[in-house]
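# Chains, contacts and geometry: an overview
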Amino acid sequence: MLPFTSDYLSYLLTHPSDSEYAQAELPGGEKIELIGAGALVITPKHFTNHCKAIVLSAGIHGNETAPIEWLNQLLDDLLKGTLRTHHPLLLLFGHPNAMIAAKRELEFNLNRLFCGAWHQGNSLEHQRAAQLAGWMSDFYERFALERLHYDLHTAIRGSVHEKFAVAPYIPQRPHNLSQLAFLQHCDVNCVLFYHQSTQTFSYHSASVHDAQSFTVELGQVKPFGHNDLSRLRALDSAIRRLVTHVRVDWGTVRYQQCHWYQVTEEIIRQDENLEFNFADDLANFTLFEEGELLATQGGGLIRVKDGPKAVVFPNAKVAIGQRAAILVKAMSRSQCQHLVNS
Ligand SMILES: [Zn+2]
């Protein structure tokens, strides 16, 4: 018996430390297991080796509520039996305590604590990263299937591209074109190809478990109850199509619609004095020309080299030593075409 029949999110937000195991059978015959606070595994009665082990995570940052509400709705439909899955699913509500506090994080940025970085501290976020990674590892080991992971977020600021994905840097592995086509079905035409390893959740699943994974940014941060989930309609139908069919052919990438960027460098906050030379509410992907001044830090000037480049995720208030912004270079039409055809 599960301790809830619908709206798991409301249950979770009132029982954030309830880690009791529970299981039940869904109307469609799948088994559902509550394996810990914010973590559910759904296993279809029968599955073949064409199926995939799919992890959907939301709320790694507690105030990024739109994908959290969306995941709760998806789970509701599974509970009602109006949605049935052919694939094992692991649904993760990332950071319940930060959700309750309506904050991105309590002490540390949870999305920098994966790949073993959780060993470097004992905060709630360090413990949560270890827990989430453990559940993911158990799930992927339990099902010897192709692995997928979509880690869903919303951004602090507005963006020239409302939705975009960050592709983790796995240099030995070619880009999976079917995944890039899938993102287009989710209305995510903008992809940033990262240039180095990180400690994010999606980099963790890709590098440790060889999952096809992305961080997916789906619009701007809003409080619970203030999201227009119709903005996620394309993602919603693509993921429902993914889970209800054993195999989906996502077609080819429409490179004419691609806004793909190569990440070229990070601006790291090295001391107290980092100051950006642009407004606080600068939209993500705002373009800067060659030589333009981006920031001052420690008496030095940070200018655009090899421009034009766009600025993404600027945040001068991150902890010292952390990434304060990334700079990206737009890929040309022929570079996109080359990547698609390679
Ligand atoms: Zn986030």
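The name given to the protein chain in an unreviewed UniProt entry is Succinylglutamate desuccinylase, and the organism recorded there is Celerinatantimonas diazotrophica. Of the comments in the UniProt record for the protein chain, the one headed Pathway (unreviewed entry) reads "Amino-acid degradation; L-arginine degradation via AST pathway; L-glutamate and succinate from L-arginine: step 5/5." Of the comments in the UniProt record for the protein chain, the one headed Function (unreviewed entry) reads "Transforms N(2)-succinylglutamate into succinate and glutamate."

What follows is about the UniProt feature "active site" (unreviewed entry) in the protein chain. Feature annotation in UniProt places "active site" (unreviewed entry) on E217, given in this structure's numbering. E217 gets classed as buried once you look at its relative accessible area, which sits at 5%. In contact with E217, not counting residues within four places along its chain, are H153, T154, A155, E162, K163, F164 and F313. A polar contact of 3.3 Å, which involves the side chain of E217, links it to the backbone nitrogen of A155.

Let us now look at a negative patch on the surface. A contiguous patch of negative charge on the surface is contributed by E289, E290, E292 and D306. Locating E290 in the fold gives a position in the loop between β12 (286-288) and β13 (293-297).

In this structure, P308 follows G307 across a cis peptide bond, with omega equal to 0 degrees. The residue P308 is located in the loop between β14 (300-303) and β15 (309-312) in this model. Positive phi, close to 75 degrees, is recorded for F285, a residue that is not glycine. Mapped onto the fold, F285 is located in the loop between β11 (275-276) and β12. The backbone phi angle of D306 is positive, close to 60 degrees, even though this residue is not glycine. Within the secondary structure layout, D306 lies in the loop between β14 and β15. Given the relative accessible area of 51%, D306 is considered exposed.

Turning to the domain arrangement of the protein chain, a few remarks are in order. Under the domain assignment used here, the protein chain contains domain 1 (8-253) and domain 2 (266-328). Facing the 16 residues of domain 1 at the interface are 16 residues of domain 2. Summed over both partners, the interface of domain 1 with domain 2 comes to about 1,200 Å²; 54% of that surface belongs to carbon and sulfur atoms. Across the domain 1-domain 2 interface, the total number found is zero salt bridges. Run the count over domain 1 and domain 2 and you get eight residue pairs in polar contact (both at pLDDT 80 or more). For the side of domain 1 that touches domain 2, the secondary structure elements donating two or more residues are β7 (163-167) and β8 (190-193). The residue makeup of the side of domain 1 that touches domain 2, split by class, is eight nonpolar, five polar and three charged.

With that settled, consider the pattern of salt bridges. In total, this model carries 13 salt bridges according to the counting rule given. Residues D77 and R240 are paired through a salt bridge, measuring 2.9 Å at the closest nitrogen-oxygen approach. Residue D77 is located in helix α2 (residues 65-80), and its partner R240 is located in helix α7 (residues 233-244); the two are separated by 163 residues in the primary sequence. Judged by its relative accessible area of 18%, R240 is buried. Here R104 makes a salt bridge to E105, at a shortest N to O gap of 3.7 Å. The partly exposed category is assigned to E105, whose relative accessible area is 25%. Via salt bridges that share partners, D77, K80, D236 and R240 belong to a single interconnected network.

The next point concerns the coordination of the zinc ion. Coordination of the zinc ion by the protein is provided by H61 (ND1), E64 (OE), E64 (OE) and H153 (ND1), with metal-donor distances spanning 2.0 to 2.4 Å. Seen from the zinc ion, its four donor atoms lie at angles of 58 to 145 degrees, and the figure they make is irregular.

Thresholds, definitions, all that
Residues numbered from 1 in each chain as written. Predicted model: local features only at pLDDT ≥ 70, side-chain atom pairs only at ≥ 80, totals over all residues. Heavy atoms only, no water. UniProt positions renumbered as here; feature names shortened; annotations may be inferred. Buried < 20%, exposed > 50% of the residue type's maximum accessible area, 1.4 Å probe, protein only. Contact = heavy atoms within 4.5 Å. Polar contact = N/O pair within 3.5 Å; in protein donor to acceptor, adjacent residues only side chain to side chain. Patch = residues over 30% accessible without salt bridge, like charges linked within 9 Å, V, L, I, M, F, W, Y side chains within 5 Å. Areas by Shrake-Rupley, 256 points an atom, 1.4 Å probe, with all protein chains shown as cover. Salt bridge = Lys/Arg side-chain N within 4 Å of Asp/Glu carboxyl O. Lys, Arg positive; Asp, Glu negative; His and termini not counted. Charge placed at Lys NZ, Arg CZ, Asp CG, Glu CD. Helix = DSSP H or I, 4+ residues; strand = E, 2+ residues; numbered from the N terminus. Domains from an automatic or database assignment. Buried area = accessible area lost by both parts, 1.4 Å probe. Nonpolar A, V, L, I, M, F, W, Y, C, P; charged D, E, K, R; others polar. Donors = N, O, S within 2.8 Å, 3.2 Å for Na, K, Ca; no water. Tetrahedral: all angles 85-135°; square planar, octahedral: opposite > 155°, others 65-115°.

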